[in-house]
Structures are given as structure tokens and as C-alpha cells.
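If you want the building blocks of each chain, they are given just below.
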Amino acid sequence: MTENRMRQMVAELERRRAEIAEMGGAERVARQHERGKLTARERIAYLFDAGTFQEFGSLATFHVGNEEIKDVLAPADGVITGTGRIDGRLVACAAYDFTVLGGSIGMTGEVKVTRLRETALRQRIPIVWLIDSAGARLHPKGGLNQASTISYFADSGYLFREQVHMSGVVPQVAAMVGPGAAGTAYIPGLADYVPMVRKTSSMALGGPPLVKAAVGEDITEEELGGSRVHNEESGVADQEFKSDQDCLDSIKRFLSFLPSSCNDAPPRRAYAPKESERLDDRILDLLPDNPKASYDMRKLIELLVDDGELLEMKPKWAKNIVTAFARIGGFPVGFVANNPKMLGGVLDVNAADKAARFVTLCDAYRVPLVFLQDVPGFLIGSKVEREGIIRHGAKMLFAVADATVPKLTVVVRKGYGAGYYVMNGRAYEPDVFVAWPTAEISVMGPEGMVSIAASKALQAAPTPEVREAMVKQMADAIRPHINVTKVAAHAFVDEVIDPRDTRAVLLHGLELTKNKTVERPWRRRGVVPV
């Protein structure tokens, strides 16, 4: 090959790459911007450290079977794949390009994404999907050739099986920066972190046209599976943001708390030890004097963590429990905390699911868990029994009992009933188990005990006012017996601490448990409650 010919071929390659970089063309790019969205390539440029992203498969295009559909502009076959660095660490990324055939999944594009998954698993690096896709590709230009490939469906589904095998090995992020229908909707269902963008992102197993055809329901994309639905009602999403940029920033924050794979320890940030980690007196005013009054547990977490910064997971769903990543002395930790501001902090079906999922995530990637207890127990009644409160509560119990990462428990106020158990009570192997002077640990609250033990006497009360006075009198007589000093007298808590020392105790516990080792009986696997 002559030098002149090589120069010609390189020039042709550069021309084709410049054409590919234009994606679906200026008109479609403009339409993407009009919707308030970045393009796939702009998202990659924003997310990755400058100059580090190495793309592969850029010359891919639209095929049906072995036939290239040459009269359809399909640069990169609608999905950009490659690896690069985020805050210095290697990460794999698949960004679906809505300007090219609606970001739909083509056969060639899936070959690329399959190779990306293999790379992430083999090299043990996180994988990020940036989903802006119409789902599986059905294109008029494919003609009848597409019908001849229907049987290919029998050889599909590898994506989701491989996601399951990657689960707990490398962190998986599925950022919904546009629509995600059918196949692309299951990617977030199996991912570790699912942020969405308000008003521009959605996910559903079937889009509005399919819903109309199948069940006759007229519904918009936003109503069917918009960010509000999945952040507030379904619990599928983890966060909601106002822009692509904010969503992408959150990916960087999320990954910063986790290692690149389960083989590594979570990254500890540089931290200059202070002369004293004791907190100021603000923490003494956090709890209301009335033991039944509410307060926001997030305010306590903010006092305990480095710079008051935390990344809350599913903050708009199951608000009665807080699950959040933060740092203490540079150590990444996962907080599981009852929030009395919502439903008194009682555990219901959704709260149990939310906590179980978060505990499992932290345990998979060796992130220590901090439990802040103020729990009156599980919600009771016919409604929650029909919802399966027993099996949902068992999921949380299973996750907490099974976790082998460092576990640190602080009983802030109430630790009642099975709520005390699933919030990592003494029997669940806390490495640090301390309580505030306000703590109460009991099978139930004094009022509950009275309602059972004195039910006949209460039924005989002549008026509701008399009944209420009787309950108060008997409850006040019982309350001193569930004081935490009684528990401490049996050495069932490690220590009753000054609330101002909470951060120092937790930091010491994290240093203590850096090399924690737990050996369980051999088994094929535990059988997780449904």
C-alpha cells in the first residue's frame, strides 16, 4: 500500500467520522435541544473526564439480518458505546441516540452493547446506560425483511440475563434521560441507580400506542411512566432532576460512593482528623420533649456526616424511612434511618422494600451501614396484611441479617417490636450498638401494652375520657421499665452515649471494622422472601 493511498483512506475515515458525529442531522439535533435535552454525544462529553472517552463501533449502521439498509441514515446504529474516565476511574457507557431512529435498539447496536457489557464485566468497571430510546426497532425502511427476522426474537434477552450476572459485581446505572419503552424499560429495573429527568424522561413496558391497542386506555407518556410516577408512586426510580446536566452530575456522585467492583473497597476520601469530633449543642435540641412528637431524621444525618452532604435514594417514595449515601471521616456509608416526620416512622410495605433493596446494595459493594432507630414497629391492620406486610417485612429482615459489611446502630428514641429487629437490633450483629439517653427498647410502647394487658378494664370504663386517663396512668407506670438504662444494666447495649459524641463513636466504629470478616455456613444461596 502506497503512502498516498494510505493518506486517502485516512482522509476518508476522517470524513466518515465527521459525518457520524453529526448524529441524525442538524434538524433532529435542533429538535432534541428544543425539548430541553442534550444529545447523546453531548451527554458523554459532560459525564466523562475531558478527552478520555474512547468510542468503539462508530461505523455500525442499520441492518436487518445480514442486509444493510443503505438508504437510512443510521450513524453508530443509534447507540454510542465506549469507555472513559469519570473522576479518574474507568467506566463503560452506552448512550442511546434519539436523533437516530429514535434511539431504537437495532440488531447491530445490540452487538455493540453486548460487547460493552462483556468489557465491563471482564475488566470489572461500572457500566452506565444513558437511555433515550423508543425501544425495539421497527422501521418502515426495513420492509418485509423485518418480518423474516421475527424468529430471531427466540435468541434475544441476553441483555437482562447478563445484567443479573453483573449485579453485585460492578455498579450499574440506568439514567433515564428520555423515554425508555419495552426492552429499555427493564434495564433500569435491574440497575443499581436510576435517576430521571423531569418532564422529558419516562419508562414503561408498553408505550401509549401499545397501551391503547392492548387495553383501550388513552394515556400520555408522562401519565403512564413519567418521572413523578416512578419517583413517588412505583418506587422504580431513585431520583428526579430538572435537567440532563443535574442528572449526569448525580451519576458522578453515586459512583463516588462505590468501588469499581465488588473486589475493591469503597474509595475513602482524604480526611484530616480533627482534635475532637464532638458535635455542638444543636444536636441536643433536635428531639422534641414530647416522645410522641415528630421531627425530621434527615436533620440528624446532616449533623453527623462530612460537610452535611448526602445522596438520598428514593427520597419521594416511602418517606417514612430514609436511605442515603454519605461520608463520615471520609468513609462512604449507607444510612438506614426511620423518619418520624412521616407516619411516625412506622414501617409499611414500601418502606420495608426500600430499606431491603438499599441494604443489599450497600452489602454488595462493601459500603458500611449506619442504622438510626426511631421506630414504633410495623404497621398493622387488615389493609397491610392484604398487602403482604409479613413477606415484605421478611425481605428487610433477610437483607439486614444477611449483610456482612460493618453495621453500626444508634437507637435514637424508639426501638419497638419487629421494627427494632429489622433496624439492626442487637441480635443482627451490629459491630457498634449504642443508644441515646432518650432510647426505649421494648416489645411495644407502653400504651400498646396497656391496651392488651388491661383490655377488659378499659372496656369497662364509663366514658372515653376515663378510658384515656386510665391508659395514661398505666402507661406512665410502665414507661420507666423500658428506659434504656434498664437495657444497659444487662449489657444489651454497648453504651448509652451523649448525643454530641455520636459522630465520634461512628467514626471510631468505621476505623475498627475496616478489616471485618464474617464467615457464614456454606449454602448454595439463601431463599429471599418474595
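Calculation criteria
Residues numbered from 1 in each chain as written. Predicted model: local features only at pLDDT ≥ 70, side-chain atom pairs only at ≥ 80, totals over all residues. Heavy atoms only, no water. Helix = DSSP H or I, 4+ residues; strand = E, 2+ residues; numbered from the N terminus. Buried < 20%, exposed > 50% of the residue type's maximum accessible area, 1.4 Å probe, protein only. Contact = heavy atoms within 4.5 Å. Areas by Shrake-Rupley, 256 points an atom, 1.4 Å probe, with all protein chains shown as cover. Lys, Arg positive; Asp, Glu negative; His and termini not counted. Charge placed at Lys NZ, Arg CZ, Asp CG, Glu CD. Polar contact = N/O pair within 3.5 Å; in protein donor to acceptor, adjacent residues only side chain to side chain. Axes fitted to C-alpha atoms, helices over the stretch in contact; angles between N-to-C directions. Parallel < 35°, antiparallel > 145°, perpendicular 65-115°, else oblique. Left-handed = near helix turned anticlockwise from the far one by under 90°. Nonpolar A, V, L, I, M, F, W, Y, C, P; charged D, E, K, R; others polar. Patch = residues over 30% accessible without salt bridge, like charges linked within 9 Å, V, L, I, M, F, W, Y side chains within 5 Å. Salt bridge = Lys/Arg side-chain N within 4 Å of Asp/Glu carboxyl O. Phe/Tyr/Trp six-rings, centres within 6.5 Å; stacked < 30°, edge-to-face > 60°. Lys NZ or Arg CZ within 6 Å of the ring centre and 35° of its normal. Disulfide = S-S within 2.5 Å. Core = buried A, V, L, I, M, F, W, Y, C linked by side-chain atoms within 4.5 Å.

1. So, the overall build of the protein chain
Secondary structure summary: the protein chain contains 20 helices and 18 strands in total. Over its C-alpha atoms, taken along the principal directions, the protein chain stretches across nearly 95 × 60 × 50 Å. Scored against the burial criterion, the 530 residues of the protein chain give a buried share of 50%. Taking the intrachain contacts of the protein chain between residues at least 6 apart in sequence as the baseline, contacts between residues at least 24 apart amount to 74%. Of the roughly 25700 Å² of accessible surface on the protein chain, a fraction of 55% belongs to carbon and sulfur atoms. Within the protein chain, the 67 negative side-chain charges are centred at a point lying 2 Å from the centre of the 66 positive side-chain charges.

2. Observations regarding the side chain of serine 201
Relative to the assigned elements, serine 201 resides in the loop between strand E8 (195–197) and strand E9 (202–204). Among the polar contacts listed, one links the side chain of serine 201 to the backbone oxygen of methionine 176, at a separation of 3.4 Å. In this structure the side chain of serine 201 is engaged in a polar contact, spanning 2.7 Å, whose partner is the backbone oxygen of valine 197. Setting aside residues up to four positions removed in sequence, serine 201 forms contacts with Met176, Val177, Gly178, Met196, Glu222, Gly225, Gly226 and Ser227.

3. Regarding the packing of helix H3 (residues 40–47) against helix H10 (residues 244–257)
At a minimum axis distance of 10 Å, the contact between H3 and H10 shows a crossing angle of 45°. On the basis of their axis angle, the class for H3 and H10 is oblique. The handedness of the crossing between H3 and H10 is right-handed. Between H3 and H10, the contacting residues are Arg43, Tyr46 and Leu47 on the first element and Asp244, Gln245, Leu248, Asp249, Ile251 and Lys252 on the second. Classifying every residue of the contact of H3 with H10 gives four nonpolar, one polar and four charged.

4. Regarding a negative patch on the surface
Together, Glu217, Glu221, Glu222 and Glu223 make up a negatively charged patch on the protein surface. Looking at the secondary structure, you find glutamate 221 in helix H8 (residues 221–225). Residue glutamate 221 is classed as partly exposed on the basis of its relative accessible area of 42%.

5. Structural notes on the packing of aromatic side chains
Applying the stated criterion to the full structure yields nine aromatic pairs. Ring centres of phenylalanine 48 and phenylalanine 53 lie 5.0 Å apart, and the angle between their planes is 55°; this geometry places the pair in the tilted category. With relative accessibility at 5%, the residue phenylalanine 48 sits in the buried group. Judged by centre distance (5.5 Å) and plane angle (15°), the ring pair of phenylalanine 257 and phenylalanine 325 falls under stacked. Remark: phenylalanine 325 occurs in strand E12 (residues 321–328) and phenylalanine 257 occurs in helix H10; sequence separation between them is 68 residues. Neither residue differs from the other here; phenylalanine 257 and phenylalanine 325 are each classed as buried. In this structure an aromatic cluster arises from ring pairing among Tyr193, Phe254, Phe257, Phe325 and Phe358. Across from the ring centre of phenylalanine 98, 4.7 Å away, lies the NZ or CZ of lysine 37, which sits over that ring.

6. A look at the state of the cysteines
Using the criterion set out here, one finds zero disulfides in the structure. Cysteine 247 takes part in no disulfide bond, and the closest cysteine sulfur, belonging to cysteine 93, lies 12 Å away. Looking at cysteine 247, the relative accessible area reads 0%, which means it is buried. A disulfide-free cysteine, cysteine 362 has its sulfur positioned 15 Å from the sulfur of cysteine 262, the nearest such atom.

7. Here's the deal with the nonpolar core
Leu130, Ile251, Phe254, Phe325, Val336, Leu369 and Met396 are the most contacted members of the largest nonpolar core, which totals 59 residues. Top element by residues in this core is helix H12 (residues 349–364). It accounts for nine residues. Leu287, Leu300, Ile301 and Val305 belong to the second-largest nonpolar core, a separate cluster that totals 31 residues.

8. Examining the pattern of salt bridges
Inspection of the entire model under this criterion finds 39 salt bridges. Of the charged contacts, one joins glutamate 27 and arginine 31 as a salt bridge, the two residues approaching to 3.1 Å between their closest N and O atoms. Here arginine 31 and glutamate 27 lie together in helix H2 (residues 26–34), a separation of four residues that amounts to about one turn. The exposed category is assigned to glutamate 27, whose relative accessible area is 60%.

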